[in-house]
Amino acid sequence: MVLKYLSALFLPGFMVVFFTRVAYNHILALVLTVALIAASVYKGYTDSFLLIVVDAFSLTLGFFLANQMMKRNKKQS
């Protein structure tokens, strides 16, 4: 059970940043990550409301970091 919460804390944020680096678009990265999380909720891998809250927190933090990364890359160009 602890592994689920640790994964929910780190993986969604990491996925947003990773998809941003691949797609060069932080909005698209957020949509892709939310779609993956929605699919896991639909399949029944997310079994508590607290786990969804932790996922949302990680998504928000990852989106913030990806947004900062995109701004920094635009300044350097």
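Refer to the structure printed above.
Residue numbers run consecutively from 1 along every chain, following the written order of its sequence. In keeping with the model being predicted, local features are shown solely for residues with a pLDDT of at least 70 and side-chain atom pairs are shown and tallied solely at 80 or more, while totals for entire chains, interfaces and linings include all residues. Heavy atoms throughout the structure, all of them, feed into the side-chain values; hydrogens and water do not.

A. Summary view of helix H1 (residues 2–23). The end-to-end C-alpha separation of H1 is 31 Å, in line with the 32 Å expected for 22 residues at 1.5 Å each. One fitted axis covers the seven residues ending at a residue, a second covers the seven starting there, and the bend at that residue is the angle between these axes. We count a stretch as a helix when DSSP gives it H or I for four or more residues in a row; a strand needs E for two or more, and each element gets its number in order from the N terminus. Along H1, the sharpest change in direction is near 30° and occurs at Ala-8; proline Pro-12 comes one to four residues later. Exposure is judged per residue with a 1.4 Å probe applied to protein chains only, and the accessible area is read against the type maximum: over 50% gives exposed, under 20% gives buried, and values in between give partly exposed. Restricting attention to buried positions, one finds in H1 the residues Ala-8, Pro-12, Gly-13, Val-16, Phe-19 and Thr-20. Each element contacted by the buried residues of H1 is listed here: helix H2 (26–43) and helix H3 (49–76). Trailing H1 by a residue or two, Tyr-24 shows a phi angle of about 60°, which is positive. Expected helix span is taken as 1.5 Å per residue step, with the number of steps being one fewer than the number of residues. Here, residues are in contact when the closest pair of their heavy atoms is within 4.5 Å.

B. Expanded view of the pattern of salt bridges. Salt bridges are counted wherever a side-chain nitrogen of Lys or Arg sits within 4 Å of a carboxyl oxygen of Asp or Glu. Taken as a whole and assessed by the stated rule, the structure comprises 1 salt bridge. Put simply, Lys-4 and Asp-47 hold a salt bridge, and the shortest N to O gap is 3.4 Å. A residue pair is termed long-range when its members are at least 10 positions apart, and Lys-4 in helix H1 and Asp-47 in the loop between H2 and H3 qualify at 43 residues. A relative accessible area of 48% places Asp-47 in the partly exposed class.

Honestly, that's just the spatial picture; any functional story needs more than this.
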